[in-house]
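# Notes for the structure review
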Amino acid sequence: MPTTPTPTPASLGFRMPPEWAPHAATWTSWPFDDWLWVGHLEGVRREFADLVATIARFEPVVLNVRDGEAEKDARARIAKAAAARHGDEAERVLGNVTYNLLPLNDVWFRDNGPLFVRAAESGRVALTDWGFNAWGKKYAPWSDDDRAPATLAARLGMRRFVAPAVMEGGSLELNGHGVCLTTRSCLLEPNRNPDLGPAELELLLRDYLGVTQLVWLEEGLEGDHTDGHIDTIVRFTDDDTIVCAVEPREDDPNHATMARNLEQLQSLRTAKGAPYRVVELPLPLKHMELEGQRLPPTYANFYVGNGFVVVPQYDDANDEQALRILRPLFPGREVIGLSAVSLITGGGAFHCVTQQQPLGEVERA
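The structure reproduced in this document is the subject of the present report. Everything quoted here is computed from the prediction, not taken from an experiment. (Residues numbered from 1 in each chain as written. Predicted model: local features only at pLDDT ≥ 70, side-chain atom pairs only at ≥ 80, totals over all residues. Heavy atoms only, no water.)

For any two helices packed against each other, one specifies the crossing angle of their axes together with the interaxial distance. Between helix α1 (residues 41-55) and helix α2 (residues 68-86), the shortest axis-to-axis distance is 8 Å and the interhelical angle comes to 60°. Judged by the inter-axis angle, α1 sits oblique to α2. The crossing of α1 and α2 is right-handed. For the pair formed by α1 and α2, the contact residues are E42, R45, R46, A49, D50, V52, A53 and T54 on the first element and D73, R77, I78, A81, A82, R85 and H86 on the second. Residue classes in the contact of α1 with α2 are distributed as six nonpolar, two polar and seven charged. (Axes fitted to C-alpha atoms, helices over the stretch in contact; angles between N-to-C directions. Helix = DSSP H or I, 4+ residues; strand = E, 2+ residues; numbered from the N terminus. Parallel < 35°, antiparallel > 145°, perpendicular 65-115°, else oblique. Left-handed = near helix turned anticlockwise from the far one by under 90°. Contact = heavy atoms within 4.5 Å. Nonpolar A, V, L, I, M, F, W, Y, C, P; charged D, E, K, R; others polar.)

What follows is about the pairing of strand β19 (residues 354-358). Most of β19 sits out of view: five of its five residues are buried. Burial along β19 is two-sided: T354, Q356 and P358 facing one way and Q355 and Q357 facing the other are all buried. Note that strand β2 (residues 23-29) and β19 share five bridges and pair antiparallel. Of the residues in β19, the one forming a bridge with H23 is P358. (Buried < 20%, exposed > 50% of the residue type's maximum accessible area, 1.4 Å probe, protein only. Pairing = 2+ DSSP bridges.)

Time to look at α2. Taking 1.5 Å of rise per residue, the 19 residues of α2 would be expected to cover 27 Å, and the 26 Å separating its terminal C-alpha atoms lies within 8% of that figure. All buried positions along α2 are accounted for by A70, D73, A74, I78, A81, A82 and H86. Buried residues in α2, looked at end-on, bunch into an arc of 155°, giving them a common side. Summarising the geometry of α2, the exposed residues directed more than 90 degrees from the buried face are G68, E69, K72, A76, K80 and A84. Close packing links the buried residues of α2 with α1, β3 (61-65), α3 (90-94) and β4 (97-101). With a side-chain oxygen positioned 3.2 Å from the backbone nitrogen of E69, the residue opening α2 is D67. One or two residues past the end of α2 sits G87, with phi positive at roughly 55°. (Expected span 1.5 Å × (residues − 1). Arc of directions from axis to C-beta. Polar contact = N/O pair within 3.5 Å; in protein donor to acceptor, adjacent residues only side chain to side chain.)

Structure (structure tokens):
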């Protein structure tokens, strides 16, 4: 069992808030390498510009850029997107974007960035720094990604808690009561934490993120190179409501997996013994591939911010249905569909590339 340093974030009153809690900012990273995107970088940057310009209408965005050339490209594309989408508001929107020079190996900041925690009593915000090894050592190198939380903590002057385990933000889904959903196929994959079992991982998540209950689903989508991140299949929309991806076509390999997840969630109970409201969210109808490998498009990879929800769209017959299902679940928020046709070639969408910083003063290092 790992030795947990004292004091832990939880012992000091810190916990990871749910995504719908107020944000100080959204962090994300500008795509930079055409090789990583297998020739799709142009489309990815176009979609990224739309994403940043959309989020910046509602809250500040900190955009990581690897160098001056990437920043120049990002500024031009985001300015164009803001003008097209927001017209007279474009100048205000652009003023909400801050550029942060940060070397990274890849753009998936949900996974290679920090996980922020907030103290309930003081309202101050710190960060947790988990190890990152490119989804079980799949894509070398990852050294810059692994250093990113420490670099940001030093730059922000923010207190940093170093967790003795590999963990990706996309593998965890929390509500406001500390209930955390995850998958065995990801967290127990042996190239991440070969010496840690379920009990040890539960203890670390309790100590570092304030998790009160860890719910283990079995696995995620076919073609997901993360080994089944929860944020592609199951999401909280409030403390008592869970969205679950479903695949009604029985001949699709995702059918049995999603049906098993749905059944388990329907039997799950809150701390008060009440069932959760479980809402079925269909997967896209199209079977998408890249170089002969299936891709994992999903509407569950939405991102929730201050007054908005951005939902990936795939030029698919189910796009509008997904928006109709999600809109009533987010009263007071504008639910916006944006294209992720190019972005999904990298294996993820909007939730995978973003990370929320909770509202609150910085807990100083």
